[in-house]
Amino acid sequence: MEEIKQRQSRFINLVNLLATDVFRYAFWLCGDREIAADLVQETFTRAWEALHQLIDDKAAKNWLFTIVRRENARRYERYQPDQERVELDEIAANGNYDTSTEAFVLRRALAKLPQIYREPLVLQVIGGYSIEEIAQQLGLSTGAVMTRLHRARQKLRHALQGTE
Amino acid sequence: MNCQQFQQRCTLEPACQEPAFLAHQQTCPNCAHFAQELAQFEASLHTALQITVPADLTKRILAQPANQPTITPSGRRFHWQLAASLLLAMSLSLSGLWWWSSSHTQPLEQQLMLYLAQEPKAFLTTQQVSLTELHQMFNAIGAKLVGEIGTVSFCKVLKLNGYTSAHLVLVENNQPINILLIRNSSIRQAEKLSYKNLQGILLPIQQGNIALVATSTESLQEIALRLQRVIKWI
């Protein structure tokens, strides 16, 4: 019983600490709030089941992001949803967000950004990962990650400047 | 690190903490200015990515297992459920209460599609359910499997609008077909179901209703007929 309590306490800490980042990452992966919430729930369900495999809690974010990515990929394998488009209107409808034109333009540009550029960028900005860590997470070379990050930012800047 | 290297790195990784990067930034006013300009863009980018998180997300995660009763709690599953029950008790959520209250007021069709939308496991589970589990599920809703049903990747007993129901996922041509058997519900006319990219049909059967939901309605009628031949109500 004591073991279960410890496990619960550890799990609750992880949820409280990381659910927000995991949700945001899931959202920018799948582009849909409801699916993102489902992905997060599934991720934490799997995390609970495999919590004994997480040796160091410092690696938890990395571990959870990996699970989210895998669950999202599995969703595509099985389900093939038509949800490439990020639901900007839905974001807007949820209030409590930056309503500036700049943020709007950036969100729109982010939504249009191909997944191969968006994902490393989201990992860097939301996840706080270094280029080497992103390369490891995505199974890419550091060179490829640098190219994608560069292009992602370039496209976003062009969008902000109205040149795209 | 020279200016070109700094600016290239700064463009790719503005928050770089490498000593050489930081040292160059401190000693080169031009590059410091360059970094400062980029920082404004990065701040905007950071803000743009910070989408609003559902207020009840944490509570939903902690409460989720209670919405997923499995039929045969054994071993690891049992511990998971036990722990989940404790977690639920610790964090009984407003969303749970909302869900509970709304589940008694929404029409069955709506309730059913909302349930499916909140049950990702149905679409993600790939392991085949054992025949024993299937028999237990049918038994729990007062039915019996009397013939070949096909490959089932998910099964669960639940309450839908207060009706004892069974949810199973048939794998047909590598596509998941969600089947819901809702005992004693009383919708007497066939109805079409739709939610986002899910479509389905709700049909009256001997002991209630059967719903079939997939990404396409193709073959759902045939599957419904096939199922009615192999399910006997007791």
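See the structure printed just above.
Conventions and cut-offs
Residues numbered from 1 in each chain as written. Chains lettered and ligands numbered in written order. Predicted model: local features only at pLDDT ≥ 70, side-chain atom pairs only at ≥ 80, totals over all residues. Heavy atoms only, no water. Helix = DSSP H or I, 4+ residues; strand = E, 2+ residues; numbered from the N terminus. Buried < 20%, exposed > 50% of the residue type's maximum accessible area, 1.4 Å probe, protein only. Contact = heavy atoms within 4.5 Å. Areas by Shrake-Rupley, 256 points an atom, 1.4 Å probe, with all protein chains shown as cover. Phe/Tyr/Trp six-rings, centres within 6.5 Å; stacked < 30°, edge-to-face > 60°. 1 Å grid on protein atoms, 1.4 Å probe; cavity = no way out; pocket = protein on both sides within 12 Å on 5 of 7 lines; lining within 4 Å. Points joined across faces, edges and corners; volume = space filled by probe spheres on them. Salt bridge = Lys/Arg side-chain N within 4 Å of Asp/Glu carboxyl O. Disulfide = S-S within 2.5 Å. Axes fitted to C-alpha atoms, helices over the stretch in contact; angles between N-to-C directions. Parallel < 35°, antiparallel > 145°, perpendicular 65-115°, else oblique. Nonpolar A, V, L, I, M, F, W, Y, C, P; charged D, E, K, R; others polar. Pairing = 2+ DSSP bridges. Polar contact = N/O pair within 3.5 Å; in protein donor to acceptor, adjacent residues only side chain to side chain.

Enquirer: Talk me through the overall build of chain B; I want residue IDs and the actual numbers.
Expert: Along chain B, the regular secondary structure elements total 10 helices and 8 strands. Taking all 234 residues of chain B together, the buried fraction comes to 48%. Nonlocal contacts in chain B, meaning residues at least 24 apart in sequence, comprise 50% of its contacts between residues at least 6 apart. Element-wise, carbon and sulfur atoms account for 53% of the exposed surface of chain B, whose accessible area totals about 11800 Å².

Enquirer: Can you lay out the packing of aromatic side chains for me, pointing to particular residues and giving the numbers?
Expert: Under the counting rule described, the total for this entry stands at 6 aromatic pairs over all chains. The interplanar angle of 75° and the centroid separation of 5.8 Å between the aromatic rings of Phe65 of chain A and Tyr129 of chain A together place this pair among those described as edge-to-face. Taken as a pair, Phe65 of chain A in helix H3 (residues 60–79) and Tyr129 of chain A in the loop between helix H6 (115–125) and helix H7 (131–138) lie far apart in primary sequence, 64 residues in all. Of the two residues examined, Phe65 of chain A and Tyr129 of chain A, each falls in the buried class. A centroid spacing of 4.5 Å and a plane angle of 20° characterise the contact between Phe6 of chain B and Phe21 of chain B, whose relative ring orientation is stacked. In this pair, Phe6 of chain B is assigned in helix H1 (residues 3–12) and Phe21 of chain B in helix H2 (residues 19–27), connecting sequence segments 15 residues apart.

Enquirer: How would you summarise empty space enclosed by the protein if you had to cite specific residues and measurements?
Expert: Residues and elements named next belong to chain B. By the definition in use, this model includes 2 cavities of 30 Å³ or more. If you go around the second largest cavity, the residues you meet are Leu181, Ile205, Ile210, Leu227, Gln228, Ile231 and Trp233. Elements represented by at least two residues in the lining of the second largest cavity include exactly helix H10 (220–230) and strand E8 (231–233).

Enquirer: Before we move on, can you summarise the pattern of salt bridges with the specific residues and values?
Expert: Any two side chains of opposite charge can pair, on the condition that their charged atoms come close. Counted under the stated rule, the structure contains 11 salt bridges over all chains. The partner of Glu42 of chain B in a salt bridge is Arg153 of chain A, with the nearest N and O atoms 2.6 Å apart. Here the residue Glu42 of chain B occupies a position in helix H3 (residues 29–49), and Arg153 of chain A occupies one in helix H8 (residues 142–161), the pair thus bridging two chains. By relative accessible area, Arg153 of chain A is classed as buried at 1%. Among the salt bridges present, the one from Arg226 of chain B reaches Glu172 of chain B, with a minimum N-O distance of 2.7 Å. Note that Arg226 of chain B is positioned in helix H10 and Glu172 of chain B in strand E3 (residues 163–172), a separation of 54 residues in sequence.

Enquirer: Could you give an account of the state of the cysteines, with specific residues and numbers?
Expert: Disulfide: a covalent bond formed between the sulfur atoms of two cysteine residues. With the rule as written, the count across this model stands at 0 disulfides over all chains. Looking at Cys16 of chain B, it has no disulfide partner, and the nearest cysteine sulfur is the one in Cys10 of chain B, 8.7 Å off.

Enquirer: Explain the packing of H1 of chain B against H3 of chain B residue by residue, including any values.
Expert: Packed helices, taken two at a time, are described by their axes: the angle between them and the distance between them. Residues and elements named next belong to chain B. For the pair H1 and H3, interaxial distance at closest approach is 10 Å and the crossing angle is 10°. By the angle class used here, H1 and H3 are roughly parallel. Each of Cys3, Phe6, Gln7, Cys10 and Thr11 in H1 lies in contact with H3, whose residues at this interface are Cys31, Phe34, Ala35 and Leu38. Partitioned by chemical class, the residues of the contact of H1 with H3 number 7 nonpolar, 2 polar and no charged.

Enquirer: Describe the environment of Ala144 of chain A, with residues and values.
Expert: Residue and element names in this part refer to chain A. With respect to the helices, strands and loops of the structure, Ala144 is situated in helix H8. With relative accessibility at 24%, the residue Ala144 sits in the partly exposed group. Distance in space between the C-alpha atoms of Ala144 and Ile131 is 9.7 Å, their sequence separation being 13 residues.

Enquirer: Tell me what's going on with the pairing of E3 of chain B, and back it up with residues and numbers.
Expert: Residue and element names in this part refer to chain B. Pairing geometry for strand E2 (residues 152–160) and E3, over 8 bridges, is antiparallel. When the sheet's bridge partners are listed, Phe154 is paired in E3 with Val169. The turn linking E2 back onto E3 is made up of 2 residues, and Asn161 within it adopts a positive phi angle of 50°. With 8 bridges joining them, E3 and strand E4 (residues 175–183) adopt antiparallel strand pairing. Within E4, the position partnered with Ser165 by the bridge is Ile182.

Enquirer: Outline the side chain of Gln124 of chain A, supporting the account with residue identities and numerical values.
Expert: Assignment of secondary structure puts Gln124 of chain A in helix H6. At 2.6 Å, the side chain of Gln124 of chain A forms a polar contact with the side chain of Arg153 of chain A. Other than its neighbours up to four places away in sequence, Gln124 of chain A contacts Tyr129, Ile131, Ile134, Leu149 and Arg153 of chain A together with Leu12 and Glu13 of chain B.

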